[in-house]
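Listed below are the residues making up each chain.
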Amino acid sequence: MAVTEFAGRIAVVTGGGTGMGRELVCQLAAAGARVAACDLNTETLAQAADLAGSQAASGVRITTHQCDVTDADAVAAFAAEVAVAHETDHINLLFNNAGIGGGGSFVIDDQREAWDKTFDVCWHGVLNCARAFMDLLVRSDAGAMVNTSSINGFWATVGPGFPHTSYCAAKFAVKGFTEALKVDLAVHAPHVSAHVVMPGHIGTSIALNSTEAHGMDVPLLRKTMAARGVPLDALSDDQIEVLVVDRNTRFRDDAPTTAAQAAQIILDGVLTGQWRILVGDDAHVIDNNVRADPESAYEPEFFEALRDAGHLHAFGR
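Rules behind the numbers
Residues numbered from 1 in each chain as written. Predicted model: local features only at pLDDT ≥ 70, side-chain atom pairs only at ≥ 80, totals over all residues. Heavy atoms only, no water. Helix = DSSP H or I, 4+ residues; strand = E, 2+ residues; numbered from the N terminus. Buried < 20%, exposed > 50% of the residue type's maximum accessible area, 1.4 Å probe, protein only. Contact = heavy atoms within 4.5 Å. Expected span 1.5 Å × (residues − 1). Bend = angle between axes of the 7 residues up to and from the residue. Core = buried A, V, L, I, M, F, W, Y, C linked by side-chain atoms within 4.5 Å. Polar contact = N/O pair within 3.5 Å; in protein donor to acceptor, adjacent residues only side chain to side chain. Arc of directions from axis to C-beta.

Caption draft 1: Layout of the side chain of Asn128. Locating Asn128 in the fold gives a position in helix H4 (residues 112-138). Overall, Asn128 belongs to the buried group, its relative accessible area being 12%. For Asn128, the residues in contact, after removing those within four places along its chain, are Val69, Thr70, Asp71, Ala72 and Val75.

Caption draft 2: How the structure looks around H4. A rise of 1.5 Å per residue sets the reference length of H4, with its 27 residues, at 39 Å; its end C-alpha atoms lie 37 Å apart and thus fit the reference within 8%. At Ala132, H4 is deflected by roughly 40°, the largest bend along its length.

Caption draft 3: Representation of the nonpolar core within the structure. Judged by nonpolar contacts, the single largest core of 31 residues is most densely connected at Phe6, Leu24, Leu28, Leu93, Phe95, Ile266 and Val270. Every residue in contact with Phe6, bar those within four places of it in the chain, is listed here: Leu28, Ala31, Gly32, Ala33, Leu93, Leu267, Val270 and Leu271.

Caption draft 4: Structural context of the environment of Gln111. Secondary-structure assignment places Gln111 in the loop between strand E4 (93-96) and H4. Residues Gln111 and Ser166, 55 residues apart in the sequence, show an inter-C-alpha distance of 9.9 Å. Only 2.6 Å separates the side chain of Gln111 from the backbone nitrogen of Ser105, close enough to count as a polar contact.

Caption draft 5: Spotlight on helix H9 (residues 259-271). Over its 13 residues, H9 runs 19 Å from end to end, which matches the ideal 18 Å to within 8%, given 1.5 Å per residue. When we look at burial in H9, the residues that qualify are Ala259, Ala262, Ala263, Ile266, Leu267, Gly269 and Val270. Angular distribution of buried residues about the axis of H9 spans 155°; they occupy a single face of the element. Just beyond H9, the residue with positive phi is Gly273, at close to 80°.

Caption draft 6: Here's a closer look at the side chain of Lys175. Here Lys175 shows up in helix H5 (residues 165-188). Residue Lys175 is classed as buried on the basis of its relative accessible area, which comes to 17%. In contact with Lys175, other than residues within four places in its own chain, are Ser149, Gly153, Phe154, Val196 and Met198.

See the structure below:
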């Protein structure tokens, strides 16, 4: 039995304080689902809950939980909190949405800490939550696990000269895990579905939040950009920080798909039974192009063709 409506269902959303997570919380609550949202940032999480509460259907319960998804013990405690807070022995929907960017290069030793942190959030966060909530999903009469991958789960770059290895490796892992889980669930829990979400450029604060999570490492930024042929010697540290914040803000504000639109596409995909949910016109175009010519997918001409078609203008050349 598939999830065909959200009213009366119990949903868990990770990374629920901002971006797509916040919009998922709001739209699920508006549709009548009870929602448990987690995030590290309790301030943004409370704001999201207040917003969702103002839009929620009558009688909907929204609970907030601070949780570091990279900590398996903390995630297990989160699952136990949800069961108590919602007086339930099951959940119907798990949205593994939490993620950050960073740690672009595997080759440059200076990026090891950021590399590991990004991989932990984007992959181990999904794995920890999947394990902690699996029994609760299986106890439902109809359930769905919705894992957020990315276009970087099938195309491991953001453009020529910009290594993006940690995020891409994690998102490939999420995609592969979800596809394998689809088969596993069909055998052992056919009333639970698995869905992999692959957004393109969405208007969220992930770039701003990632910089905050990792810190503004200006010396490393100078080194990285110099390796790409973009020396920043003429700029002061303060000027570089302003440049980064401005670029990350434009990434949020100039996106072709809003976070609200993305959440609606995801929720529609779950209700209609799509296991593979591409979000945004750019995601569909890139997916088609990679499939059509995988050998050329990492050549500069491939990226330039996407830009010429009107996609990925927020990403540098």
